[in-house]
Amino acid sequence: EATGADVLVLWLDCDREGENICYEVMSSTVPHMSDRLQTKVYRAKFSSLSAVDLQTAMSTLGFPNQAEARSVDARQEIDLRVGVAFTRF
């Protein structure tokens, strides 16, 4: 569905997990967009599905936060390693 698209607006949970999912979605979509070098990727942040919140989110689009996304990757890695350590002893 991203083939030929110029802009990607990500509407995901407004937390670190949502940021992490942004980068997963981007890895699948941006390579298929019309101009990968000039691709515009935005992040909508909202806390409810009310018309006012959604309109505000659309008018104040930001960008995905790679630091928050990477923090989720780090936490997942730590959880996995700690889990392995507990199951071995």
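Since the model is a prediction, treat every value here as computed from it, not as a measurement. (Residues numbered from 1 in each chain as written. Predicted model: local features only at pLDDT ≥ 70, side-chain atom pairs only at ≥ 80, totals over all residues. Heavy atoms only, no water.)

1. Section: the pairing of strand E1 (residues 7-11)
Taken residue by residue, a regular strand's side chains alternate between the two faces of the sheet.
Part 1 of the argument: Here E1 shows one buried face, formed by Leu8 and Leu10, and one open face, formed by Val7, Val9 and Trp11.
Part 2 of the argument: In this sheet, strand E2 (residues 40-44) lies alongside E1 in parallel orientation, the contact comprising 5 bridges. The residue of E2 that forms the bridge with Leu8 is Val41. (Buried < 20%, exposed > 50% of the residue type's maximum accessible area, 1.4 Å probe, protein only. Helix = DSSP H or I, 4+ residues; strand = E, 2+ residues; numbered from the N terminus. Pairing = 2+ DSSP bridges.)

2. Re the packing of aromatic side chains
Part 1 of the argument: Applying the stated criterion across every chain yields a total of 2 aromatic pairs.
Part 2 of the argument: Judged by centre distance (5.5 Å) and plane angle (45°), the rings of Trp11 and Phe46 are tilted. Here Trp11 is found in strand E1, whereas its partner Phe46 is found in the loop between E2 and helix H2 (51-59), with 35 residues between them in sequence.
Part 3 of the argument: Take Trp11: its relative accessible area is 35%, and that puts it in the partly exposed class.
Part 4 of the argument: A residue is classified by how much of its surface remains accessible, and Phe46, at 19% relative accessible area, is buried.
Part 5 of the argument: Between Tyr42 and Phe63 the ring centres are 5.5 Å apart and the planes differ by 35°, which places this aromatic pair in the tilted class. Of this pair, Tyr42 sits in strand E2 while Phe63 is found in the loop between H2 and helix H3 (66-88), placing the two residues 21 residues apart along the sequence.
Part 6 of the argument: On the accessibility criterion, Phe63 (59% relative accessible area) is exposed. (Phe/Tyr/Trp six-rings, centres within 6.5 Å; stacked < 30°, edge-to-face > 60°.)

3. As for the packing of helix H1 (residues 16-29) against H3
Helices that pack against each other are described as a pair by the angle of their axes relative to one another and the distance between those axes.
Part 1 of the argument: Relative orientation of the contacting elements H1 and H3 amounts to 100°, with a least axis distance of 8 Å. The pairing of H1 with H3 is recorded here as roughly perpendicular in orientation. Counting all contacts with H1, which are made through Arg16, Glu17, Glu19, Asn20 and Tyr23, the residues of H3 involved are Gln66, Glu68, Ala69, Ser71, Val72, Asp73, Arg75 and Gln76.
Part 2 of the argument: When grouped by side-chain class, the residues that make up the contact of H1 with H3 number 3 nonpolar, 4 polar and 6 charged. (Axes fitted to C-alpha atoms, helices over the stretch in contact; angles between N-to-C directions. Parallel < 35°, antiparallel > 145°, perpendicular 65-115°, else oblique. Contact = heavy atoms within 4.5 Å. Nonpolar A, V, L, I, M, F, W, Y, C, P; charged D, E, K, R; others polar.)

4. Observations concerning a nonpolar patch on the surface
Part 1 of the argument: Together, Ile78, Val82 and Phe86 give the surface a local cluster of nonpolar side chains, amounting to about 330 Å² of exposed area.
Part 2 of the argument: Turning to its location among the elements, Phe86 is positioned in helix H3.
Part 3 of the argument: Here Phe86 falls in the exposed class, since its relative accessible area comes to 65%. (Patch = residues over 30% accessible without salt bridge, like charges linked within 9 Å, V, L, I, M, F, W, Y side chains within 5 Å. Areas by Shrake-Rupley, 256 points an atom, 1.4 Å probe, with all protein chains shown as cover. Salt bridge = Lys/Arg side-chain N within 4 Å of Asp/Glu carboxyl O.)

5. Some details on the side chain of Asn20
Part 1 of the argument: Structurally, Asn20 can be placed in helix H1.
Part 2 of the argument: A polar contact of 2.9 Å, which involves the side chain of Asn20, links it to the side chain of Asp73.
Part 3 of the argument: Those residues in contact with Asn20 that lie beyond four places of it in its chain are Ala69, Val72 and Asp73. (Polar contact = N/O pair within 3.5 Å; in protein donor to acceptor, adjacent residues only side chain to side chain.)

6. Points about the environment of Gln55
Part 1 of the argument: If you trace the backbone, Gln55 turns up in helix H2.
Part 2 of the argument: What makes Gln55 exposed here is its relative accessible area of 57%.

These figures capture arrangement, not role.
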